[in-house]
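Analysis of the macromolecular model
Chain by chain, the residues:
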Amino acid sequence: MPQVDQFESVFRSALREPFEFNLPNAQSLLVVTDFAQAEAYAFAQRIVSFLAATPLCDAPDVRTLSGDAFSTTAELLEQVEASGADLICTYRNLHSEAWRFPHSLGEYLDVLLQRAQAPVLVLPHPLADFAAEHAMQRTEVVMAVTGHLEKDHRLVNYAASLVQPGGSLCLAHVECRQTFDRYLEAISKIPTIDTDDARSRLEEQLLKDARAYVDSCAARFARSELDLQVKALVDFGDHLNEYRRYLENFDVDLLVMNTKDEDQLAMHGLAYPLAVELRQIPLLML
């Protein structure tokens with residue numbers, strides 16, 4: 001390697017994008033249901049109790065939409081926009097019997113997740129039996145998942161704002177092993193590159209960047225008033241299987257992930273399969 005290129009590589013490897021602390025606060029909540037008014041109010045109170053200990057929702061103004069307030073996705077979006085809420089709370093398969101089956105989010109939630117400006121807290125359906133025993137009981141362990149952890153300050157801030165005092169913030173970053181192996185196979189066909197050396201160095205660097213970012217998050221939170229512990233979950237593997245394993249091993253109470261993608265109308269990356277399959281706990285979808 002030429003000396004100039006070597007110096008540039010060393011310089012770049014030392015560059016780190018530190019975590020930017022900017023904790024959000026939801027001053028208004030909109031709870032969307034397909035219940036009658038009294039049931040909708042009762043469900044909203046469960047949500048207020050669930051989020052009461054979190055920095056995100058310490059004393060919000062809460063409004064509810066009952067089942068007779070909308071009958072089309074267009075009407076729902078109009079109501080949501082008019083509310084100006086900082087956080088929307090609802091559950092999958094609104095105005096549908098499909099909650100009986102673990103196969104979809106439903107058309108109302110699909111549209112809401114893509115069009116609403118505010119984050120959406122997706123809760124287990126109140127009538128289904130998919131929810132974990134601790135669902136909506138606590139936010140002691142909150143996990144944020146992304147494929148580019150070291151650049152996602154907003155995701156981390158939202159996840160941290162939902163951890164109850166004394167709880168844990170798990171920052172998960174999974175590098176796809178299948179994709180990595182495919183690139184290594186291509187590299188193995190280039191005679192000027194040592195394949196074994198490339199494998200070990202690439203593996204180390206990919207995980208090193210994510211872990212360094214988690215360290216910067218932990219250091220910044222330690223200087224804040226938040227009472228939480230930061231855990232790094234950084235590894236190679238299959239995204240869905242690894243996240244499912246993390247949920248089980250760490251008894252996660254709430255999952256935070258990105259939803260919108262600026263380059264397409266469809267949901268961001270793995271958000272849809274994760275939201276459909278990981279239905280046992282609440283999900284905050286940004």
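Source: prediction; values computed, not measured.

What follows covers the overall build of the protein. Within the protein one finds nine helices and nine strands. Computed over the C-alpha atoms, the radius of gyration of the protein is 21 Å, within 12% of the 19 Å expected from 2.2 N^0.38 for a compact globule of 286 residues. Taken along the three principal axes of its C-alpha coordinates, the protein extends 70 × 40 × 35 Å. In the protein, buried positions account for 44% of the 286 residues. In the form shown here, the protein has an accessible surface area of approximately 14,800 Å², with 48% of it arising from carbon and sulfur atoms. In the protein, which carries 24 positive and 43 negative side-chain charges, the distance between the mean positions of the two groups comes to 4 Å.

With that settled, the discussion passes to the pattern of salt bridges. Tallying each qualifying case throughout the model produces 10 salt bridges. With a shortest N-O distance of 2.8 Å, Glu203 and Arg177 are connected by a salt bridge. With Glu203 in helix α7 (residues 195–222) and Arg177 in helix α6 (residues 177–187), the pair connects residues that are 26 residues apart, well separated along the chain. The class for Glu203 is partly exposed, based on a relative accessible area of 22%. A single salt-bridge network, built from bridges that share partners, covers Arg177, Asp181, Arg199 and Glu203.

Where helix α3 (residues 73–83) meets helix α4 (residues 107–115), the closest approach of the two axes is 10 Å, and the angle between their N-to-C directions is 40°. Comparing the axis directions of α3 and α4 gives the class oblique. For the crossing formed where α3 meets α4, the hand is right-handed. On α4, the residues touching Thr73, Leu76, Leu77 and Val80 of α3 are Glu107, Tyr108, Val111, Leu112 and Arg115. Residues that form the contact of α3 with α4 fall into these classes: six nonpolar, one polar and two charged.

Below, the discussion takes up empty space enclosed by the protein. Where empty space is left in the structure can be found by rolling a water-sized probe over the atoms. Tallied over the entire structure, the rule returns two cavities of 30 Å³ or more. Each pocket or cavity is described by its volume, and for the largest cavity that value is around 50 Å³. Taken together, Arg92, Trp99, Pro124, His125, Ala128, Phe130, Ala131 and Arg279 make up the lining of the largest cavity. Its residues assigned to classes, the lining of the largest cavity shows five nonpolar, one polar and two charged. Computed from the structure, the second largest cavity encloses a volume of approximately 30 Å³. Lining the second largest cavity, in full, are Arg92, Asn93, Trp99, Phe101, Pro102, His103, Ser104, Phe130, Val276 and Arg279. In the lining of the second largest cavity, the residues fall into five nonpolar, three polar and two charged.

What follows deals with unusual backbone geometry. A positive phi is found at Met136, a non-glycine position, where the angle reads about 65°. Locating Met136 in the fold gives a position in the loop between β4 (120–123) and β5 (141–146). Even without being glycine, Asp251 reaches a positive phi, approximately 55°. Here Asp251 is to be found in the loop between α8 (239–249) and β8 (254–257).

Position of Ser224 among the secondary structure elements: in the loop between α7 and β7 (228–237). Here the side chain of Ser224 touches Phe221 through a polar contact of 2.7 Å, landing on its backbone oxygen. In terms of polar contacts, Ser224 uses its side chain to reach the backbone amide nitrogen of Leu226, at 3.2 Å.

The two faces of β8 match: Leu254 and Val256 on one face and Leu255 and Met257 on the other face are all buried. By the bridge criterion, three bridges tie β5 to β8 in an arrangement that is parallel. By the bridge assignment, Ala144 is partnered in β8 with Val256. Sheet topology places β8 next to strand β9 (residues 283–285); three bridges connect them, and they run parallel. Looking across to β9, one finds that Met257 is bridged to Met285.

Pairs of packed helices are described in terms of their axes, by the angle between the two and the distance that separates them. Running from N to C, helix α5 (residues 153–161) and α7 cross one another at 45°; their axes reach a closest spacing of 12 Å. The pairing of α5 with α7 is recorded here as oblique in orientation. Of the two possible hands of crossing, α5 and α7 adopt the one that is right-handed. Contacts between α5 and α7 involve His153, Val156 and Ala160 from the first element and Tyr213, Cys217 and Phe221 from the second. A per-class count over the contact of α5 with α7 returns five nonpolar, one polar and no charged.

Conventions we followed
- Note on numbering: residues in each chain are counted from 1, in written sequence order.
- Predicted model: local features are reported for residues with pLDDT of at least 70 only, side-chain atom pairs are reported and counted for 80 or more only, and whole-chain, interface and lining totals are derived from all residues.
- Processing note: side-chain calculations cover all non-hydrogen atoms of the structure and skip hydrogens and water entirely.
- The way it works is that DSSP assigns letters per residue, a run of H or I at least four long becomes a helix, a run of E at least two long becomes a strand, and they are numbered from the N terminus.
- For a compact globule the rule gives 2.2 Å times the number of residues to the power 0.38, and the radius of gyration it is set against comes from C-alpha atoms.
- For each residue, the accessible area found with a 1.4 Å probe, counting protein chains only, is set against the maximum for its type, and the residue is called buried under 20%, exposed over 50%, and partly exposed in between.
- Working definition of accessibility: Shrake-Rupley area with a 1.4 Å probe, residue cover restricted to the visible protein chains.
- A residue counts as positive if it is Lys or Arg and as negative if it is Asp or Glu; His and the chain ends are not included.
- For the purpose of locating charges, the reference atoms are NZ of Lys, CZ of Arg, CG of Asp and CD of Glu.
- For this document, the term salt bridge refers to a Lys or Arg side-chain nitrogen within 4 Å of an Asp or Glu carboxyl oxygen.
- Axis definition: a line fitted to C-alpha atoms, limited for helices to the stretch in contact. Angles are taken between N-to-C directions and run from 0 to 180 degrees.
- Just so you know how the angles are binned, under 35 degrees is roughly parallel, over 145 roughly antiparallel, 65 to 115 roughly perpendicular, and the rest oblique.
- Should the near helix be turned anticlockwise from the far one by less than a right angle, the crossing is termed left-handed; should it be turned clockwise, right-handed.
- The contact rule is simple, with two residues in contact once any of their heavy atoms fall within 4.5 Å.
- Each residue gets one label: Ala, Val, Leu, Ile, Met, Phe, Trp, Tyr, Cys and Pro are nonpolar, Asp, Glu, Lys and Arg are charged, and the others, such as Gly, are polar.
- Computed over the protein atoms alone on a 1 Å grid, cavities are sets of points where a 1.4 Å probe fits but cannot get out and pockets are open sets with protein on both sides within 12 Å along at least five of seven lines; a residue lines them when it has an atom within 4 Å of a point.
- Grid points are joined across faces, edges and corners, and a volume is the space filled by probe spheres set on the points.
- Under this definition, polar contacts are N or O atom pairs within 3.5 Å; protein pairs additionally need one hydrogen-donor-capable and one acceptor-capable atom, and for neighbouring residues in sequence, both atoms have to be side-chain atoms.
- What makes two strands pair is DSSP finding at least two bridges between them.

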